[in-house]
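Commentary on secondary and tertiary structure
What follows is the residue order along each chain.
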Amino acid sequence: MSNGEASASGAPPTGGPHFLESEWVIWEHRSPDKNSKSYEDNMVKLLEVATIEDFWRAYNNIPKPSAIFFDGRTRKKFKDRSVESFSLFKKNIKPEWEDPMNRSGAEWFCRKTFPAQQLDDFWQTLALGMIGETIDPADEICGARVVDKSTGSRQMYRLELWFKRKDQTMADELLSRMNALLGPTSKGCKWEFRPH
């Protein structure tokens, strides 16, 4: 980030505005309903952010994943809808494999039953690492998603980091930087590589 660091405390730095290197879009993917025809029908752009102040205003007004994802007992609603995932992608890149910037890329993903606090912490840290450019100094990342993959009574979530190219050396560098940012608790994540 050029004019200020993204704070993990939930508060923007003083002064400002502090512009980000890239503009970002926060997306919500809703559970399909009877009128849904495609994946894209359920994808809704929530907000665009250009500054760290924009990010915190948006992030602090969107539920944490653990507050609305399946918790092993209930499927919760956010206002009038069920939400299956949140995405944070660079502006003009949609969180779908078919987007031209994602089509020839790949992702790292970790699928597991995260404790609620760890899920929220990992998602926030991943978001801050992307917008603050600490994971990706070379403009390779397209975005990230946090997805509720629970089925039946089985609680399961997935974190994903999407990038533009299938280059293994670059992908390994992104993984190393992401793990360093997530800290020692990330050792419980078995990250898998998946080409798009």
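Each remark here, short or long, concerns the structure printed above.
Residues numbered from 1 in each chain as written. Predicted model: local features only at pLDDT ≥ 70, side-chain atom pairs only at ≥ 80, totals over all residues. Heavy atoms only, no water.

1. Some points on the sheet that holds strand S5 (residues 141-148)
In a beta sheet, neighbouring strands are held together by backbone hydrogen bonds and run either parallel or antiparallel to one another. Read across the sheet, 7 strands follow the order S2-S1-S3-S5-S6-S4-S7 without closing on themselves; strand pairing throughout is antiparallel. Strands with a single pairing partner mark the edges of an open sheet, and in this sheet they are strand S2 (43-51) and strand S7 (192-195). Direction aside, the axes of adjacent strands within the sheet are offset by 20 degrees on average. As paired strands, S5 and strand S6 (residues 157-163) are joined by 7 bridges and run antiparallel to one another. Opposite valine 146, over in S6, you have leucine 159 as the bridge partner. The sheet contacts of helix H4 (residues 116-131) involve strand S1 (19-30), strand S3 (83-90), strand S4 (106-112), S5 and S6, and relative to S5 the element is tilted by about 170 degrees. (Pairing = 2+ DSSP bridges. Helix = DSSP H or I, 4+ residues; strand = E, 2+ residues; numbered from the N terminus. Axes fitted to C-alpha atoms, helices over the stretch in contact; angles between N-to-C directions. Contact = heavy atoms within 4.5 Å.)

2. Details of the pattern of salt bridges
Across all of its chains, the model carries 16 salt bridges by this definition. The salt bridge partner of arginine 81 is glutamate 28, with a shortest N-O separation of 2.5 Å. Highlighted residues: arginine 81 in the loop between helix H2 (65-68) and S3 and glutamate 28 in strand S1, separated in sequence by 53 residues. Neither arginine 81 nor glutamate 28 differs from the other in exposure class; each is buried. Where salt bridges share partners, they join Glu107, Arg145, Arg158, Glu160 and Arg194 into one cluster. (Salt bridge = Lys/Arg side-chain N within 4 Å of Asp/Glu carboxyl O. Buried < 20%, exposed > 50% of the residue type's maximum accessible area, 1.4 Å probe, protein only.)

3. Examining the nonpolar core
Phe55, Leu88, Leu161, Met178 and Trp191 are the most contacted members of the largest nonpolar core, which has 44 residues in total. Within the residue set of this core, elements represented by two or more residues are S1, helix H1 (52-59), S3, S4, H4, S5, S6 and helix H5 (168-182). When residues in this core are grouped by element, the largest group, 8 residues, is from H4. Ignoring any residue separated from it by four or fewer positions in sequence, one finds phenylalanine 55 in contact with Val49, Leu88, Ala127, Leu128 and Ile131. Membership of the second largest hydrophobic core comes to 7 residues, among which are Val25, Phe89, Ile93 and Cys142. (Core = buried A, V, L, I, M, F, W, Y, C linked by side-chain atoms within 4.5 Å.)

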